[in-house]
Amino acid sequence: MRTAMIRQAGGPDAIAIEECPVPEPGAGEVLIEVAYAALNPLDNHARANRIDWMHPGFPFVPGFEYAGRVAAVGEGVDPALEGQRVAVNGLWRGNAEFALADAARLEPVPDAFDWRLAASYSTCAYTAWLLVHSAGRVQPGMTVAVHSAAGAVGVLVTQVAKSAGATVIALAGGPGKLEWLQPYGADHRIDYLQPEWPEQVRAASGGKGADLIIDGNAGDNALRNLECIAPLGKIIFLGATAGKGGDLSISALIGKCCAVEGFVQYVHQAHSGGREKAAMQEALASGQWSIPIGRCYPLAELAEAHRAWEARELTGRTLIEIGGDL
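1. Some remarks on the packing of aromatic side chains
Now for step 1: Applying the stated criterion to the full structure yields 6 aromatic pairs.
Now for step 2: On the numbers, 5.0 Å between centres and 85° between planes, the contact of Phe 113 with Tyr 121 is edge-to-face.
Now for step 3: For Phe 113, a relative accessible area of 2% gives the class buried.
Now for step 4: The exposure class of Tyr 121 is buried, given its relative accessible area of 1%.
Now for step 5: A network of ring pairs unites the aromatic residues Phe 58, Phe 60, Phe 64 and Trp 92 as a single cluster.
Now for step 6: Across from the ring centre of Trp 115, 4.9 Å away, lies the NZ or CZ of Arg 85, which sits over that ring.

Next up, the structure:
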């Protein structure tokens, strides 16, 4: 089977497409024929060895999240799972024609979802809902600023926060991304490549600043969030796409009278009671909210997908087509 393999840390060229034997599922495992994989930021960070959290170790097969059909089951697994459509995240191995996964970690794909949506929703959709309703506790009348609003999480946060009654300020890099965002309901769209973006956020919020800032970028702009957060507001960091941010000053936090939090999807899901799943699946199936698919690369061009992500060229959800519409 065709398999993407990363044997040591490096740039996109560290990815090699190799021929490997189809694995056999062990006890508690299933073998999945992969349809599509989503390009998750953790794929890029793990390849470059920029993360410790959840790194699978070298060598490894990337593909943090994907969808496919159960082809075989191992000992102790219900045979009725064979043939079922499932989504998987957090177990890697999805950038291959077949992948092993723990049966206990499978998510049944709703019948209303096509294969591309099946591969797209299990991290970004649930993350967006939890950011708005669990971590952010968004209420009508709040102002929410969203960094990387043209990304898969950001565009969904925009839609979910608008439905919760918030005024949404979408921050994205460059005029092209701001234009791309137009259909998704943000009240204001601001280019954070421009140095005056914090002033623009304050102006868009009537001078008080944003009540909630959601930042998956960090990098050089991370500390500038303090320039446009409202008193008693909250800044949530969920990633570092733009690199590590600067060190926060305790005195600055006291002076701004704001809170700063980190966010991990799985921690919030452990306490959510599954509310995000019911809400997001219903809204995506009905078309109330959508996950726009930006580009879809064949497995052979996985390295090019990684290059495009690091060049900040991508919008929405990027997919890797492996088996396609099985």
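Having put the structure on the table, let's press on.
2. Re the sheet that holds strand E10 (residues 188–191)
Now for step 1: Strand order in the open sheet made by the 6 strands is E10-E9-E8-E11-E12-E13, with parallel pairing throughout. On the outer flanks of this sheet lie E10 and strand E13 (259–262), each paired with one strand and no other. Between one strand and the next, the sheet's axes are offset by a mean angle of 20°, whatever the strand orientation.
Now for step 2: Across 4 bridges, the pairing between strand E9 (residues 167–172) and E10 is parallel.

3. As for the side chain of Ser 134
Now for step 1: Among the structural elements, Ser 134 can be located in helix H2 (residues 115–135).
Now for step 2: Take Ser 134: its relative accessible area is 19%, and that puts it in the buried class.
Now for step 3: A polar contact of 2.8 Å, which involves the side chain of Ser 134, links it to the side chain of His 268.
Now for step 4: Those residues in contact with Ser 134 that sit more than four places away from it in its chain are Trp 129 and His 268.

4. Description of the packing of H2 against helix H3 (residues 152–163)
Now for step 1: Where H2 contacts H3, the two axes come as close as 8 Å, and the packing angle between them is 45°. Taken together, the axis directions place H2 and H3 in an arrangement best described as oblique. H3 is crossed by H2, and the crossing has right-handed handedness. Counting all contacts with H2, which are made through Cys 124, Ala 125, Thr 127, Ala 128, Trp 129, Leu 131, Val 132 and His 133, the residues of H3 involved are Ala 152, Val 153, Leu 156, Val 157, Val 160 and Ala 161.

5. Overview of the environment of Phe 58
Now for step 1: Checked against the element boundaries, Phe 58 lands in the loop between helix H1 (41–47) and strand E4 (65–73).
Now for step 2: Residue classification places Phe 58 among the partly exposed residues on the basis of a relative accessible area of 31%.
Now for step 3: Along the chain, Phe 58 and Arg 47 lie 11 residues apart, while their C-alpha atoms are 8.8 Å from each other.

6. Some words on the state of the cysteines
Now for step 1: Counted under the stated rule, the structure contains 0 disulfides.
Now for step 2: Distance from the sulfur of Cys 296, which forms no disulfide, to the nearest cysteine sulfur (Cys 124) is 15 Å.

7. So, unusual backbone geometry
Now for step 1: Here the amide bond leading from Phe 58 into Pro 59 is cis, since omega sits at -10°, within 30 degrees of zero.
Now for step 2: Topologically, Pro 59 is positioned in the loop between H1 and E4.
Now for step 3: With phi around 60°, Arg 312 is a residue other than glycine that occupies positive phi space.
Now for step 4: Secondary-structure assignment places Arg 312 in the loop between helix H9 (302–310) and strand E15 (317–321).
Now for step 5: The exposure class of Arg 312 is partly exposed, given its relative accessible area of 30%.

Cut-offs applied
Throughout, residues of each chain are indexed from 1 in the direction in which the sequence is written. Confidence filtering applies because this is a predicted model: local features only for residues at pLDDT of at least 70, side-chain atom pairs given and counted only at 80 or more, and all residues used for totals across whole chains, interfaces and linings. Side-chain figures throughout are based on the complete set of non-hydrogen atoms in the structure, without hydrogens or water. Planes of paired rings set the category: under 30 degrees apart is stacked, over 60 is edge-to-face and the rest tilted, where pairs are Phe, Tyr or Trp rings (Trp by its six-membered ring) whose centres lie within 6.5 Å. Classification of residues uses two cut-offs on accessible area relative to the type maximum, computed with a 1.4 Å probe and protein chains only: under 20% is buried, over 50% is exposed, and between them is partly exposed. In this scheme, Lys NZ or Arg CZ marks a charge over a ring once it lies within 6 Å of the ring centre and within 35 degrees of the ring normal. One bridge is not enough; two strands pair if DSSP finds at least two bridges between them. Runs of H or I in DSSP of at least four residues are treated as helices and runs of E of at least two as strands, each being numbered from the N terminus. Every axis in this analysis is a line fitted to C-alpha atoms, fitted for helices over the stretch in contact. Angles between the N-to-C directions lie between 0 and 180 degrees. Distance and chemistry together define a polar contact, namely a pair of N or O atoms within 3.5 Å, with one atom able to donate a hydrogen and the other to accept it when in protein, and with adjacent residues in sequence counting only for side-chain atoms on both sides. The contact criterion used is simple: two residues touch if any of their non-hydrogen atoms lie within 4.5 Å. Comment on the angle field: the value is read as roughly parallel under 35 degrees, roughly antiparallel over 145, roughly perpendicular from 65 to 115, and oblique elsewhere. Rotating anticlockwise by less than a right angle from the far helix to the near helix defines a left-handed crossing, while the corresponding clockwise rotation defines a right-handed one. Put simply, a disulfide is two cysteine sulfurs that come within 2.5 Å.

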